[in-house]
Amino acid sequence: MKKILLGAAALAFSATMAAAGSHSVVRMGTEGAYPPYNFINDKGEVDGFERELGDELCARAELTCEWVTNDWDSIIPNLTSGNYDTIIAGMSITSERDEVIDFTQNYIPPASSAYAATSADADVMGGVIAAQTNTIQSGYVAESGAALLEFATPDETVAAVRSGEADAVFADKDFLAPIVEADASMVWAGEDVQLGGGVGMGLRETDGELKAKFNAAIDSMKADGTLNSLLVKWFGDGIATY
Amino acid sequence: MFTYCEDPSALDTARWLSCYLTTGVHMRFYASFGTVLLLLAITAPVALAFGFLGAMASRSQLFPIRMIGKSYTSMVRGIPDIAFFLFFVIALDQALEWLRHQALCPDWTEPIRQGANFLVCADAKLPLSTAPQTVHEIYNFFLAIFTFAIVFGAFAANVLYGAMMAVPREQMETAEAYGMTRSQAFWRVMVPQMWIYALPGLSNLWMILIKATPLLFLLGVEDIVYWARELGGSKTPQFTDYPHPDWRLWYFLFLLVFYLLMTKASEVVLKRLTMRLSHGQATMGGEAMRRA
């Protein structure tokens, strides 16, 4: 007990020392399991559209940023309790989330969600549909009348369709597109659905200053077209741009 | 890692595997085995110490201390591990930050609790948000050890309490007849003899502890199960040089082998320990050794 307290005290002390020399750091929280939005690359680093976007935003806002991964389920509670300062994880802006946290303006325009299945005539309204927990898609499926099968990670939702556990997976179309493209056994099913108000960066409601900085940086990226070219680079020519 | 890994798609299977298994993510996967082993190595003795203190407190002659010991063992054992990990760790973290906040930022006027937010001044954050990621990871790791130690300490306390009670009464009577004080009799007669009675219970706890490490990810410490799931998930060619279908089965099979080896190693050690502790004991095991 005593040792642990001493250890904690030593850590706290060393943390203080480390802080003395550096400027304020913005900790960017992401999931790291949702390509092309964000994923862990072969080197073990956070990579993807949001990594590149986030680094550029930080450079424009003159902030030092550090990347942190956190599982999706607890990504909002860990933001509000201060473990990191932003959520940049393909999170759609919805009114429910907006009650708990704040969002910057969107950096991906409102996009379609789609069903992917092993056959094009899968019953997306009455069958078993896999979706990730706490996403706008899982909320939509729950209300659509289909049986909802929830998973903690995006990859598991796709695996459930491949194994036949679910009839189809419902997710952001831009997440499913590379999977449908690479796997001949997966096809689109049903109709695309428009959900959410685009993807934005989540922040604590009290961090107005940080929000303003990021909003200004997103504005400047929208104005000079760099955001559009980044979107096309990661999501292909079909993506909606600004 | 190897020079021929520039274009993995052109390699034969053996070379492809040698490249695939040495990527940066795989190195982090291997390192997480070290994390888990280190956690076990530190948690086990700390939990045992907590258990010993808990058991001593439970047998205390002073009512308040006895109550602390008893309520520690019964309360903590009754709470599900996952609830304990979600609640206690956040509470502990916030308590430490609150204390630092009181000490470091006396001028702060805004409320700390604002709805769902828990906001202390920047200086009181633990670790500071400016600290490098490794410091955050080490901090979480120690929170994990502390939490594991409290949970498993409560179970160990109950096991040790039972073991103390199991030491034959005649042994203690003899100690009293020799004029030993209560504490002398405890340290010289009861403690050396109780371990053999505690060992089966403690070995169970050790086995459960080995398997409880996936709870680490709740604290943001990436353990072997997290990496196995992350690496085993299917990878599409756009985002990796090593695309593959769903390989979670193989990764989890690898974990199965690891856990079985851990179990085997533990069994060998525990068997030796049982032999050693049985020497000269007034138990069936001890008697059997005397006749041999």
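> Looking at this structure, how should I read the overall build of chain B?
Looking only at helices and strands, one finds 10 helices and two strands in chain B. Taken from the N to the C terminus, the helices and strands of chain B come in the order α-α-α-α-β-β-α-α-α-α-α-α. Rg of the C-alpha trace for chain B: 25 Å, well past the compact-globule value of 19 Å for 292 residues, more than 25% over. Counting only residues that meet the buried cut, chain B has 27% of its 292 residues in that class. Partitioning the intrachain contacts of chain B with sequence separation of at least 6 by distance along the chain shows that 63% fall at a separation of at least 24.

> Is there a simple way to explain the packing of helix α2 (residues 24-58) of chain B against helix α8 (residues 224-232) of chain B in this structure?
The description of two helices packed together rests on the angle between their axes and the distance between the axes. Residue and element names in this part refer to chain B. Running from N to C, α2 and α8 cross one another at 160°; their axes reach a closest spacing of 8 Å. Classified by the angle their axes make, α2 and α8 are roughly antiparallel. When the axes of α2 and α8 are compared, the crossing they make is left-handed. Across the interface between the two elements, Val25, His26, Arg28, Phe29, Ser32, Phe33 and Val36 of α2 pack against Ile224, Trp227 and Leu231 of α8. Looking at the contact of α2 with α8 residue by residue, the class counts come to seven nonpolar, two polar and one charged.

> Before we go on, may I ask you to explain the interface of chain B and chain A in this structure?
It is common to give the size of an interface as the accessible area that goes away when the parts come together. The interface of chain B with chain A comprises 38 residues on the first partner and 40 residues on the second. Counting only elements with at least two residues in the side of chain B that touches chain A, the list comes to α2, β2 (117-118) and α5 (133-166) of chain B. Considering only residue class, the side of chain B that touches chain A consists of 20 nonpolar, 13 polar and five charged.

> Looking at this model, I keep getting lost on the sheet that holds strand β9 (residues 128-132) of chain A. Mind explaining?
Consider a sheet: its strands pair through backbone hydrogen bonds, and that pairing is either parallel or antiparallel. Residue and element names in this part refer to chain A. Here five strands make up an open sheet; going across it, the order is β10-β9-β11-β8-β12 and the pairing mixed. What marks the edges here is a single partner per strand, and that holds for β10 (147-151) and β12 (187-194). In this sheet, neighbouring strand axes are inclined to one another by 30° on average, regardless of whether the strands run parallel or antiparallel. Pairing between β9 and β10: five bridges, direction parallel. Bridging from a neighbouring strand, alanine 130 pairs with leucine 149 of β10. Relative to β9, helix α5 (residues 136-144) is tilted by about 155°, and along the sheet it contacts β8 (112-117), β9, β10, β11 (168-172) and β12.

> Would you take a moment to explain the environment of B:His26 for this structure?
Structurally, B:His26 is set in helix α2. Along the primary structure B:His26 and B:Trp227 are separated by 201 residues, whereas in three dimensions their C-alpha atoms are 8.4 Å apart.

> Sorry, what's going on with the sheet that holds strand β1 (residues 25-30) of chain A here?
All names here are of chain A. Strand order across the open sheet formed by five strands is β5-β1-β6-β13-β7, with mixed pairing between neighbours. Only two strands of the sheet have a single partner each, and these edge strands are β5 (64-69) and β7 (102-103). Bridge analysis of strand β6 (residues 86-87) against strand β13 (residues 202-203) gives two bridges, and the strand direction is antiparallel. Across the sheet, the residue bridging to isoleucine 87 is glycine 202, located in β13.

> In this structure, what is going on with the confidence of the model for chain B? I would like to understand it.
Where the model shows low pLDDT, its predicted coordinates should not be examined in detail. Of the residues in chain B, 98% reach a pLDDT of 70 or more, and the chain-wide mean stands at 87. With pTM at 0.78, the complex prediction returns an ipTM value of 0.73.

> Would you explain helix α4 (residues 81-104) of chain B in this entry?
Count 3.6 residues to each turn of an α-helix, and residues three or four apart come out pointing the same way. Residue and element names in this part refer to chain B. For α4, built from 24 residues, the straight-helix expectation of 34 Å at 1.5 Å per residue is met to within 8% by its first-to-last C-alpha distance of 33 Å. For α4, the complete set of buried residues consists of Phe85, Glu97 and His101. Buried positions along α4 lie against α5.

Rules used in this analysis
The residue count restarts for each chain, going from 1 along the sequence in the order it is written. Following the order in which they are written, the chains are lettered starting with A and the ligands numbered starting with 1. Restriction of local features to residues with pLDDT of at least 70 applies here, the model being predicted, together with a cutoff of 80 or more for giving and counting side-chain atom pairs; totals for whole chains, interfaces and linings are based on all residues. The numbering of helices and of strands both runs from the N terminus, where a helix is a DSSP run of H or I of at least 4 residues and a strand a run of E of at least 2. In this setup the radius of gyration rests on C-alpha atoms only. A globule is expected at 2.2 Å times the number of residues raised to 0.38. Three exposure classes are used, based on other C-beta atoms lying within 10 Å of a residue's own C-beta, which is placed from the backbone: buried for 20 or more, exposed for 12 or fewer, and partly exposed in between. Distance between backbone-placed C-beta atoms decides contact: two residues are in contact if it is within 7 Å. For helices, the axis comes from a line fit to the C-alpha atoms of the stretch in contact; other axes are also lines fit to C-alpha atoms, and the angle between any two N-to-C directions lies between 0 and 180 degrees. Any angle that falls under 35 degrees is termed roughly parallel, while one over 145 is termed roughly antiparallel, one within 65 to 115 roughly perpendicular, and all others oblique. The hand of a helix crossing depends on one turn: near helix anticlockwise from the far one by less than a right angle means left-handed, and clockwise means right-handed. For this classification, Asp, Glu, Lys and Arg are treated as charged, while Ala, Val, Leu, Ile, Met, Phe, Trp, Tyr, Cys and Pro are nonpolar and the rest, including Gly, are polar. Between any two strands, pairing holds if DSSP finds at least two bridges. A residue's pLDDT is the confidence the predictor assigns to it, expressed on a 0 to 100 scale. What a helix is expected to span follows from its residue count: subtract one and scale by 1.5 Å.

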